[in-house]
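Structural features, examined
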Amino acid sequence: MEKYAVPNKLPAEEISILAQRKARIKRDIAQYVRKPLPENRKKKFCKPELFIADYRKAERDSMRIKRNFLKTGVQLKDEGVEHGRLILVFRHRGKFISNKEVMHILAKLGLPYKRRAVLLKLTEGVHAMLKMVEPWIIWGYPNVGTVRELVYKYGLFKPEQGEKGPKKIPIASNKQVEEKFGHLGIICVEDLLHELLTVGKNFDKVTKILHTFELRSPVDGWKTARKGKLRSLGGEAGFRGDEINDFFKRLL
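Each chain carries its own residue numbering, running from 1 in the direction its sequence is written. Predicted model: local features are reported for residues with pLDDT of at least 70 only, side-chain atom pairs are reported and counted for 80 or more only, and whole-chain, interface and lining totals are derived from all residues. Processing note: side-chain calculations cover all non-hydrogen atoms of the structure and skip hydrogens and water entirely.

Named according to an unreviewed UniProt entry, the protein chain is Putative 60s ribosomal protein l7 originating from Aedes albopictus.

This is the structure:
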């Protein structure tokens, strides 16, 4: 009868899924830890011609802003623009911009660096700022799939004031979301997505804690048109409406 006896323990293999997940989260967090700056950094020498060229670019930008806004007033006549909706703004060019006014507006929109994207609520004030920095950005209306991929793949939290550690914290679990937004009734990533997509009453509080999305250049590059030329003139920059979702398929 012993040969027909069923063993007490079934044969099994050890699967370390949780260990692998913890290692992946730890690796992602280590990616965003502040790195100490080298003590002896070499300073680059800049030719005078570069300063003159930067000054001329800044002067042209100031003239464009004055021509479009200060003389004729803020005329917001883009077709298909609806205030109060969720928009996705992507800064696709301008690693260094000479014009301080343009840099200030981009920083106010949450786009201080190139290849960054941010979710905003479209108001008249935001629309006016978008028009001023239009040659450097692409913006439009994101759908559910685009916002979901952005949050799940590139979602980051800003550290709280006085908090030590990494300056960017990847969204890795619902527990993190509950710790950050539990007092607002948001306890999981799906609640976070719902608040963003519907532009809810806590939208500003949520986006204030979310970090900008750090993206890359499109998969096929910028071969079809000039980046700084407006979309209405055959370029890449400016308002795209719902077509921005097709563009972000090449980015995500």
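That shown, we press on.
Details of the packing of helix H5 (residues 144–154) against helix H7 (residues 189–197)
Between two packed helices, the angle of one axis relative to the other and the distance separating the axes together describe the packing. Note the threshold: For every element, the axis is a line fit to its C-alpha atoms; helices are fit only across the contacting stretch, and the angle between N-to-C directions ranges from 0 to 180 degrees. Note on conventions: DSSP H or I runs of at least 4 residues are helices, E runs of at least 2 residues are strands, and numbering of each starts at the N terminus. Angular relationships are summarised with four words: roughly parallel below 35 degrees, roughly antiparallel beyond 145, roughly perpendicular across 65 to 115, and oblique for the angles in between. By definition, turning the near helix anticlockwise from the far helix through less than a right angle yields a left-handed crossing, and turning it clockwise yields a right-handed one. In this description, contact between two residues means that some pair of their heavy atoms is separated by no more than 4.5 Å. Here the term charged refers only to Asp, Glu, Lys and Arg, the term nonpolar to Ala, Val, Leu, Ile, Met, Phe, Trp, Tyr, Cys and Pro, and the term polar to all other amino acids, Gly among them.
It is the contact of H5 with H7, at a shortest axis distance of 11 Å, that shows an interaxial angle of 130°. In terms of orientation, H5 and H7 fall into the oblique class. As for how H5 packs across H7, the hand of that crossing is right-handed. Between H5 and H7, the residues in contact are Val144, Val147, Arg148, Val151 and Tyr152 and Val189, Glu190, Leu192, Leu193, Leu196 and Leu197, respectively. Looking at the contact of H5 with H7, its residues break down into nine nonpolar, no polar and two charged.

Digging into the sheet that holds strand S3 (residues 137–140)
Put simply, the rule is: A pair of strands is considered paired only if DSSP assigns at least 2 bridges between the two.
Taken in spatial order, the five strands make up an open sheet running S6-S2-S1-S3-S7, and their pairing is mixed. A single partner strand is all that each edge strand has here, and the edge strands are strand S6 (213–214) and strand S7 (238–241). Pairing analysis gives four bridges linking strand S1 (residues 86–91) to S3, with the strands arranged antiparallel. For Leu88, the partnering residue across the bridge sits in S3 and is Gly140.

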